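Coordinate analysis (summary)
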Protein chains: 4
Amino acid sequence: MCNKIDVAIVGVSGYTGLELIKILVNHPHFNITYVSNSEGGVSVKELHPMLDGVIDMQVQKADANEISKVASLVFLALPHKTSMGFAKQLIAKDLKVVDLSADYRLELELYEKHYCPHEDKENLPLSVYGMPEFYKEDIKKASLVANPGCYPTASLLALMPFVKYLDENQSVFIDAKSGISGAGKKLSDATSFVTVSENMFAYNPLKHRHTPEIVEKVQLLEDKNLKINFVPQLIPVTRGMLVSIYLSVNENINAIEILKEYYKDEEFVRIVSNPVTIKNTSGTNFCDIFVAQDGNDLFINSSIDNLLRGASSQAVVNANLMCGLDQSAGISKIAYAP
Amino acid sequence: MCNKIDVAIVGVSGYTGLELIKILVNHPHFNITYVSNSEGGVSVKELHPMLDGVIDMQVQKADANEISKVASLVFLALPHKTSMGFAKQLIAKDLKVVDLSADYRLELELYEKHYCPHEDKENLPLSVYGMPEFYKEDIKKASLVANPGCYPTASLLALMPFVKYLDENQSVFIDAKSGISGAGKKLSDATSFVTVSENMFAYNPLKHRHTPEIVEKVQLLEDKNLKINFVPQLIPVTRGMLVSIYLSVNENINAIEILKEYYKDEEFVRIVSNPVTIKNTSGTNFCDIFVAQDGNDLFINSSIDNLLRGASSQAVVNANLMCGLDQSAGISKIAYAP
Amino acid sequence: MCNKIDVAIVGVSGYTGLELIKILVNHPHFNITYVSNSEGGVSVKELHPMLDGVIDMQVQKADANEISKVASLVFLALPHKTSMGFAKQLIAKDLKVVDLSADYRLELELYEKHYCPHEDKENLPLSVYGMPEFYKEDIKKASLVANPGCYPTASLLALMPFVKYLDENQSVFIDAKSGISGAGKKLSDATSFVTVSENMFAYNPLKHRHTPEIVEKVQLLEDKNLKINFVPQLIPVTRGMLVSIYLSVNENINAIEILKEYYKDEEFVRIVSNPVTIKNTSGTNFCDIFVAQDGNDLFINSSIDNLLRGASSQAVVNANLMCGLDQSAGISKIAYAP
Amino acid sequence: MCNKIDVAIVGVSGYTGLELIKILVNHPHFNITYVSNSEGGVSVKELHPMLDGVIDMQVQKADANEISKVASLVFLALPHKTSMGFAKQLIAKDLKVVDLSADYRLELELYEKHYCPHEDKENLPLSVYGMPEFYKEDIKKASLVANPGCYPTASLLALMPFVKYLDENQSVFIDAKSGISGAGKKLSDATSFVTVSENMFAYNPLKHRHTPEIVEKVQLLEDKNLKINFVPQLIPVTRGMLVSIYLSVNENINAIEILKEYYKDEEFVRIVSNPVTIKNTSGTNFCDIFVAQDGNDLFINSSIDNLLRGASSQAVVNANLMCGLDQSAGISKIAYAP
């Protein structure tokens with residue numbers, strides 16, 4: 001077998017960093033040579049006791065110089081803003097970067113409107129949006145991939161097949177439900193067990209910052225401006241995401257056939273004949289999509305694992321493509337269920 | 001204190017029957033004299049062990065004759081079809097009836113289309129739809145009240161204030177989430193813990209039979225036909241219901257003010273300034289409603305306890321009104337939370 | 001009806017403070033005149049939105065002087081140490097106090113060993129341990145009641161009937177499981193949804209500080225020293241507590257009969273014929289107890305609502321007794337289930 | 001690479017059958033050639049929709065003759081009694097069998113006392129109890145392995161290191177908590193979401209039939225009879241098992257050192273320094289063990305995935321050993337957490 005490619009993971013304290021380790025430690029072609037967080041001075045198994053017996057490595061305090069000596073591709077699982085500071089240095093050293101933050105997902109103006117001043121304007125235009133179903137060929141040639149957010153991943157995969165049947169500026173309603181791990185590890189009342197168990201609630205309705213990411217990508221891919229009304233919600237589920245899209249198309253279509261045709265060559269999208277469930281995709285890189293239709297009104301329903309298809313496994317698919325590997329190398333298709 | 005009114009509960013095996021007992025056993029003006037299920041021969045505490053020390057009564061095999069001797073008002077917590085068979089007999093004996101089934105909720109044609117042939121065509125036209133916010137005066141005079149379904153309750157309370165700003169035949173999208181108790185006690189794969197925990201999924205999307213109930217009531221109340229696209233979903237929650245309604249109004253409105261004005265005299269509807277939560281209404285008869293607006297697009301968000309406001313406590317409010325009592329007598333406003 | 005007794009609640013931000021409000025707002029003989037937390041400047045419904053429409057009161061910054069003007073009995077729902085500082089002042093003003101903290105539960109030496117130096121040595125000897133089944137007559141005469149911890153409540157109620165059949169210094173094993181609300185509102189990794197859901201784990205095994213509370217009370221009540229091995233655990237449940245006690249008795253007994261006889265006059269203890277469940281007591285002041293026996297080895301199994309019987313409703317029972325009221329006034333026997 | 005070994009799975013409808021497919025479909029040395037249930041006539045993905053895109057195979061109506069043509073090793077994931085009927089036929093055809101039922105776990109007399117008359121007395125004495133830590137060399141030579149129950153697996157792994165420090169006939173207390181999947185797929189009130197959520201309860205306390213399995217194996221391995229008091233409980237968790245063992249040893253020992261020494265060469269047992277958690281082993285074949293000690297009293301605490309270490313992955317470890325493969329081939333050490 002050919003030599004493995006050395007990779008680094010920057011930001012292994014959080015959930016997506018943990019998932020990256022879990023995927024990469026058994027990857028047939030990648031070899032983890034470096035893991036880091038903001039402090040270092042700890043082992044992986046001290047940070048994540050469930051990895052005792054799986055990986056025996058020290059966590060470093062992140063340092064771009066050190067990384068460049070031991071890896072040729074880097075996964076950044078960092079908060080936005082911190083991430084671009086790092087990416088810039090790594091790209092300068094000719095490393096390939098898959099950035100799981102929001103920093104390279106949007107065009108400049110939109111980014112600065114919704115986040116903060118951009119600190120790597122040089123590389124931003126070179127980044128490729130890492131949704132393989134839409135940008136596979138670009139990803140293969142990219143050295144900087146912006147890994148999509150979980151909400152945009154589940155939403156765009158469900159929405160795109162129908163955009164051509166929508167009027168310009170049409171209202172689209174997205175009712176999105178996320179497992180609690182999507183909120184990250186930071187402690188808050190909203191993610192404590194007592195708040196979440198036997199409960200459900202929306203947050204930031206109609207003003208979540210994943211909305212512009214969806215709008216922009218639709219615009220870029222189909223040259224059509226939509227009015228996306230996006231409502232994110234937390235459900236008493238650890239991992240997984242369910243998205244319901246409601247819209248009215250402008251002509252008489254056969255929605256299920258359009259969906260099947262659109263994804264007929266995609267191994268990580270399954271068109272299903274019953275409403276999607278969270279558990280059927282949890283643990284996998286699949287996006288399941290279902291559609292129901294009443295005249296011109298559609299209910300489009302998608303499910304992904306927010307930490308995998310919505311973050312870490314999609315990141316590894318992107319890395320696979322960037323390195324000329326089969327996109328499915330090391331990627332799980334086996335759900336955790338039951 | 002004046003004499004209490006004797007009441008019977010027919011169908012105490014299920015969740016709504018249990019909730020009726022829990023409310024009525026401490027009610028200041030009602031006195032439970034008779035409880036029954038389809039078999040009898042058991043005590044309440046054998047059927048519901050948590051009521052040991054609370055109520056010491058035998059469960060009878062339901063018999064309309066016996067009931068008429070000991071009660072003047074009857075709650076029917078029965079499956080549809082069985083219910084109308086019973087109601088007919090009780091009404092013939094001049095008893096007041098609150099029917100929690102679907103049997104008297106719809107006009108004849110619609111009922112027979114979605115359920116089965118109606119067996120009490122005589123009384124059907126006399127029944128009043130038991131949503132106190134919309135039919136209070138009629139309920140006070142009624143001797144047969146059709147208690148609304150849980151989905152229509154949460155949906156209509158959220159939707160009605162905005163119907164006048166909708167075009168005829170406009171598409172309205174209702175994304176509804178129900179706790180598992182809403183499916184009743186009957187065992188099924190879909191309600192087993194292993195299926196439900198860490199999961200969420202829609203069922204009967206765009207074809208649930210609560211849809212015509214919503215459409216009909218809008219038509220009757222506001223003389224407007226809407227195209228309701230209704231998607232019910234199960235969430236890993238025991239009790240509670242969250243409804244998201246998405247629609248576009250036909251003029252520039254101030255949605256939150258309309259909502260506040262509409263319910264300014266209603267003690268069981270709370271207009272809240274943050275997205276609603278299930279836990280804030282669980283255990284109560286409240287319906288919480290929130291609205292967010294982006295131009296003419298609205299997100300209307302309501303929460304109820306599916307077993308209380310969606311069934312048993314609304315039934316007791318109706319009984320209160322039918323008996324000339326204060327509507328809030330014996331009705332809980334105290335949520336179970338945390 | 002006679003005049004109501006004015007009561008204050010100090011510490012309404014936490015779960016037990018919230019539960020006190022929920023009980024007292026509908027209490028037939030108590031009238032809440034004052035609620036406070038450490039900051040004040042907020043209304044009850046801002047602090048606890050689910051109480052909107054239930055109670056309309058400002059939360060004060062706690063002040064003993066102010067309290068003495070408006071209340072004759074005070075519930076302290078404060079952390080230990082803070083609580084005794086307050087209690088001392090209130091007692092000096094001749095107010096009755098029910099203290100929900102640990103500050104007056106233990107004798108001096110034991111308290112200082114497990115907590116901190118005691119700052120109210122004067123009143124400590126006057127306090128009565130607020131477990132009505134064991135100290136009812138003392139509670140009636142007390143002006144300072146130390147409300148028991150949740151673990152000791154469920155453990156002692158299950159254990160005491162069998163202490164006389166145990167040898168001195170015998171090993172008793174208590175495997176206790178608590179809902180997450182027992183850990184209070186303070187944010188921690190251990191109580192976040194992602195940690196708790198689909199999980200279960202012990203903490204402080206064999207060294208939890210509720211152990212000495214159990215040992216001391218057994219000693220005081222039955223003059224017998226036991227070796228209590230106590231293991232607390234967190235379960236993915238919001239409220240409720242299940243205790244399993246394992247021990248070997250020193251003679252041939254009929255365990256179930258002993259249990260029934262022991263509690264035959266107690267309305268808040270139910271001896272049940274199947275293993276106890278959390279849901280049958282959640283929402284109530286009941287303690288359910290079950291026992292199974294194999295020769296001299298016993299499995300004693302009890303269930304309480306940790307926030308009610310383990311804190312706030314037991315506190316109100318104590319207050320009822322201190323004020324000469326029926327112990328069950330305002331106390332719920334109706335479980336939340338389903 | 002050498003040729004793969006063809007294997008069959010009989011009984012793929014249930015949870016353990018599903019888990020076997022999930023493990024074997026990616027196994028480096030086994031090749032699934034045949035899957036069956038009691039009816040046949042369905043595809044794997046119709047039975048388990050989450051396997052769409054993973055395995056494309058028809059489920060057969062189980063037939064020993066057919067199996068013998070296409071496989072050399074068979075996993076039986078059947079109910080007891082059905083299983084031995086099948087095993088007998090397969091062994092007669094010289095196939096290797098790993099039986100996940102109880103049929104070959106106990107010696108004849110004990111089996112017939114707790115289950116039913118044994119129908120394969122010929123092969124019963126040849127079966128090896130499939131707990132690799134205790135019977136590895138025997139398993140390597142076996143053609144019939146009785147895969148242990150989940151409760152005995154977690155209990156014996158925790159208990160065995162300390163048996164030599166126990167007196168004959170000593171009382172040992174095992175408080176065991178199982179995720180709901182352990183009850184299998186059969187619908188029952190006890191496993192419905194409404195019953196289980198926010199709840200916990202014991203069943204068959206002191207008389208579960210996994211008790212004799214534990215007693216017998218201790219007797220066979222250490223020639224010591226113990227009085228095992230076993231209490232199984234259901235917790236609101238889908239998969240996973242937590243066991244607490246309470247006992248008093250007869251001499252002064254260093255419990256943690258004994259544990260470490262006992263399992264120093266075992267890759268699937270982790271001795272951990274904090275109480276075990278369910279989530280750290282869910283998704284893996286690990287058994288985590290923790291011990292706390294107060295004098296001679298021990299709290300021994302173990303965690304396994306009930307469907308993997310407690311059934312399917314342990315079965316594949318056994319199959320690996322029976323076929324001369326590395327025991328860890330195809331076995332996951334990566335927990336699902338978070």
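**Details of the overall build of chain A**
Helix and strand content of chain A: 11 helices and 15 strands. Relative to the globule expectation of 20 Å for 338 residues, the C-alpha radius of gyration of chain A, 19 Å, shows essentially globular dimensions. When its C-alpha atoms are laid out on the principal axes, chain A stretches across 60 × 45 × 45 Å. Per-residue burial for chain A yields a buried fraction of 59% across its 338 residues. Put simply, 70% of the contacts in chain A that link residues at least 6 apart link residues at least 24 apart.

**Focus: the environment of Asn320 of chain B**
Residues and elements named next belong to chain B. With respect to the helices, strands and loops of the structure, Asn320 is situated in helix α11 (residues 312–322). A residue is classified by how many C-beta atoms lie within 10 Å of it, and Asn320, with 23 of them, is buried. Residues contacting Asn320, with those up to four places away along its chain left out, are Leu325, Asp326, Gln327 and Ala329.

**Topic: the environment of Pro236 of chain C**
Tracing the sequence through the fold places Pro236 of chain C in the loop between β11 (227–234) and β12 (241–248). The class for Pro236 of chain C is buried, based on 24 C-beta atoms found within 10 Å. In this structure, Pro236 of chain C is in contact with Val196, Ser197, Glu198, Asn199 and Met200 of chain C together with Pro236 and Val237 of chain D, ignoring residues within four places of it in sequence.

**Topic: the relation of the copies chain A and chain C**
Here chain A sits on chain C after a turn of 180° about the axis and a move of 0.0 Å along it, with an RMSD of 0.0 Å. The superposition operator between the copies reduces to a two-fold rotation axis. With an isologous cut-off of 70% or more, the 100% of interface residues of chain A that recur at the interface of chain C puts this contact in the isologous class.

**Overview of helix α1 (residues 15–24) of chain B**
Since the α-helix packs 3.6 residues into each turn, any two residues three or four apart lie on the same face. Counting buried positions over the 10 residues of α1 of chain B gives 10, a clear majority of the element. When α1 of chain B is considered as a whole, its buried residues turn out to be Tyr15, Thr16, Gly17, Leu18, Glu19, Leu20, Ile21, Lys22, Ile23 and Leu24 of chain B.

**Some words on the pairing of strand β9 (residues 171–178) of chain A**
Residues and elements named next belong to chain A. Taking burial as the measure, the 8 residues of β9 include 8 buried ones, the bulk of the element. The alternating pattern of β9 places Ser171, Phe173, Asp175 and Lys177 on one face and Val172, Ile174, Ala176 and Ser178 on the opposite face, and all of these are buried. As paired elements, β9 and strand β11 (residues 227–234) share 8 bridges and run parallel to each other. Within β11, the residue paired with Val172 across the bridge is Ile228. Pairing analysis gives 6 bridges linking β9 to strand β12 (residues 241–248), with the strands arranged antiparallel. Note that in β12 the partner of Ala176 across the bridge is Val243.

**Comments concerning the relation of the copies chain A and chain B**
A rotation about an axis combined with a shift along that same axis relates the two copies of the chain. Mapping chain A onto chain B is achieved by rotating through 180° and translating by 0.0 Å along the same axis, at an RMSD of 0.0 Å. Residue by residue, 100% of the interface of chain A is reproduced at the interface of chain B, so both copies engage with the same surface.

**Considerations on the interface of chain A and chain C**
With 12 residues of chain A at the contact, the number on the chain C side is 12 residues. Grouping the amino acids of the side of chain A that touches chain C by side-chain chemistry returns 5 nonpolar, 6 polar and 1 charged.

**Some thoughts on the domain arrangement of chain A**
All names here are of chain A. In terms of domains, chain A is made up of domain 1 (5–147 + 311–322) and domain 2 (151–304). In this assembly, 14 residues from domain 1 lie in contact with 15 residues from domain 2. Of all elements in the fold, only α5 (108–114), α6 (132–141) and α11 (312–322) reach the threshold of two or more residues within the side of domain 1 that touches domain 2. No other element matches the 3 residues that α11 contributes to the side of domain 1 that touches domain 2. Here the side of domain 1 that touches domain 2 is composed, by residue class, of 7 nonpolar, 4 polar and 3 charged.

**Details of the interface of chain A and chain B**
Accessible area lost upon the coming together of the parts serves often as the stated size of an interface. Taken together, the 36 residues of chain A in the interface contact 36 residues of chain B. Put simply, the parts of the chain that give the side of chain A that touches chain B at least two residues each are β9, β10 (201–202), β11, β12, β14 (287–294) and β15 (297–304) of chain A.

**Overview of the sheet that holds strand β2 (residues 30–37) of chain D**
Residue and element names in this part refer to chain D. Here we have 8 strands laid out as an open sheet, ordered β3-β4-β2-β1-β5-β6-β8-β7, and mixed in their pairing. Edge strands, defined here as strands with exactly one partner in the open sheet, are β3 (42–43) and β7 (128–129). Where strand β1 (residues 5–10) and strand β5 (residues 73–76) come together, 4 bridges link them in parallel fashion. Looking at β5, one finds that Ile9 is bridged to Phe75. Contacts between helix α11 (residues 312–322) and the sheet are confined to β5, β6 (96–99) and β8 (144–146), with β6 contributing the most and set at about 160° to the helix.

**Quick notes on the environment of His208 of chain A**
All names here are of chain A. One can find His208 in the loop between β10 and α9 (210–222). Sequence separation of His208 and Tyr135 is 73 residues, and the distance between their C-alpha atoms is 24 Å. Setting aside residues up to four positions removed in sequence, His208 forms contacts with Phe230 and Pro232.

**Things to note about the sheet that holds strand β4 (residues 58–61) of chain B**
The strands that make up a sheet are held in pairs by hydrogen bonds between backbone atoms, and each pair lies either parallel or antiparallel. All names here are of chain B. Taken in spatial order, the 8 strands line up as β3-β4-β2-β1-β5-β6-β8-β7 in an open sheet, and their pairing is mixed. Looking at strand neighbours, the two that pair on one side only are β3 (42–43) and β7 (128–129), the edges of this open sheet. Strand direction decides the pairing type here: strand β6 (residues 96–99) and strand β8 (residues 144–146), joined by 3 bridges, are parallel. Counterpart to Val98 in the pairing with β8 is Val145. Along the sheet, α11 makes contact with β5 (73–76), β6 and β8, crossing β6 at roughly 160°.

**A closer look at the packing of helix α7 (residues 150–159) of chain B against helix α9 (residues 210–222) of chain B**
Residue and element names in this part refer to chain B. It is at 9 Å that the axes of α7 and α9 come closest, and there the two elements cross at 35°. In this structure, α7 crosses over α9, and the sense of that crossing is right-handed. On the side of α7, the interface is formed by Tyr151, Pro152, Ser155, Leu156 and Leu159, while α9 contributes His210, Glu213, Ile214, Lys217 and Val218.

**Overview of the pairing of strand β5 (residues 73–76) of chain A**
Residues and elements named next belong to chain A. Where β5 lies against strand β6 (residues 96–99), 4 bridges are found, and the strand directions are parallel. Its bridge partner lying in β6, Leu73 is registered against Lys96. For the handedness criterion, the β-α-β arrangement of β5, helix α4 (residues 82–92) and β6 is classed as right-handed.

**Side note on unusual backbone geometry**
As a rule of thumb, non-glycine residues mostly have phi less than zero, and peptide bonds are mostly trans rather than cis. Ala337 of chain A connects to Pro338 of chain A through a cis peptide bond whose omega is 0°. Turning to its location among the elements, Pro338 of chain A is positioned in the segment after α11. A positive phi angle, close to 55°, is found at Glu198 of chain A, a residue other than glycine. Here Glu198 of chain A falls in the buried class, since 24 other C-beta atoms lie within 10 Å of it. The backbone of Lys81 of chain B sits at a positive phi, close to 80°, despite the residue not being glycine. Assessed through the 15 C-beta atoms surrounding it within 10 Å, Lys81 of chain B is described here as partly exposed.

**Examining α11 of chain D**
All names here are of chain D. Most of α11 is tucked away: 11 of the 11 residues are buried. Buried within α11 we find Ser312, Ser313, Gln314, Ala315, Val316, Val317, Asn318, Ala319, Asn320, Leu321 and Met322. Buried-residue contacts for α11 involve α1 (15–24), β5, β6, α6 (132–141), β8 and α7 (150–159). Just downstream of α11 lies Gly324, where phi reads positive at about 75°.

**Structural notes on the packing of α1 of chain B against α11 of chain B**
Residue and element names in this part refer to chain B. Where α1 meets α11, the closest approach of the two axes is 9 Å, and the angle between their N-to-C directions is 50°. The angle between α1 and α11 places the two elements in the oblique class. The two elements α1 and α11 cross, and the hand of that crossing is right-handed. The segment α1 lies against α11, with Thr16, Glu19, Leu20, Ile23 and Leu24 engaging Ser312, Ser313, Ala315 and Val316. Grouping the constituent residues of the contact of α1 with α11 by class yields 5 nonpolar, 3 polar and 1 charged.

Definitions and cut-offs
Numbering of residues starts from 1 in each chain and follows the order in which that chain's sequence is written. Each chain gets a letter, beginning with A, and each ligand a number, beginning with 1, in the order they are written. In view of the model being predicted, local features appear only for residues whose pLDDT reaches at least 70, and side-chain atom pairs are presented and counted only at 80 or more, with totals across whole chains, interfaces and linings using the full set of residues. The way it works is that DSSP assigns letters per residue, a run of H or I at least four long becomes a helix, a run of E at least two long becomes a strand, and they are numbered from the N terminus. The reference for a compact globule is 2.2 Å times residues^0.38; the radius of gyration itself is calculated from the C-alpha atoms. With C-beta atoms placed from the backbone, the exposure class of a residue follows from how many other C-beta atoms lie within 10 Å of its own: 20 or more, buried; 12 or fewer, exposed; in between, partly exposed. With C-beta atoms placed from the backbone, a contact is any residue pair whose C-beta atoms sit within 7 Å. Superposing copies: least-squares fit, C-alpha atoms only, residues required to have pLDDT of at least 70 in both. Between any two strands, pairing holds if DSSP finds at least two bridges. Residues were grouped as follows: Ala, Val, Leu, Ile, Met, Phe, Trp, Tyr, Cys and Pro as nonpolar; Asp, Glu, Lys and Arg as charged; and all remaining residues, including Gly, as polar. Where each domain begins and ends is defined by an automated method or by a domain database. Only the stretch in contact is used when a helix axis is fitted, and all axes are lines through C-alpha atoms; the angle between N-to-C directions ranges over 0 to 180 degrees. Crossings are sorted by hand: turned counterclockwise from the far helix by less than a right angle, the near helix makes the crossing left-handed, and turned clockwise it makes it right-handed. Clockwise travel from the first strand over the helix to the second, with the strands pointing away from the viewer, marks a crossover as right-handed. Here the angle decides the label: under 35 degrees means roughly parallel, over 145 means roughly antiparallel, 65 to 115 means roughly perpendicular, and every other value means oblique.

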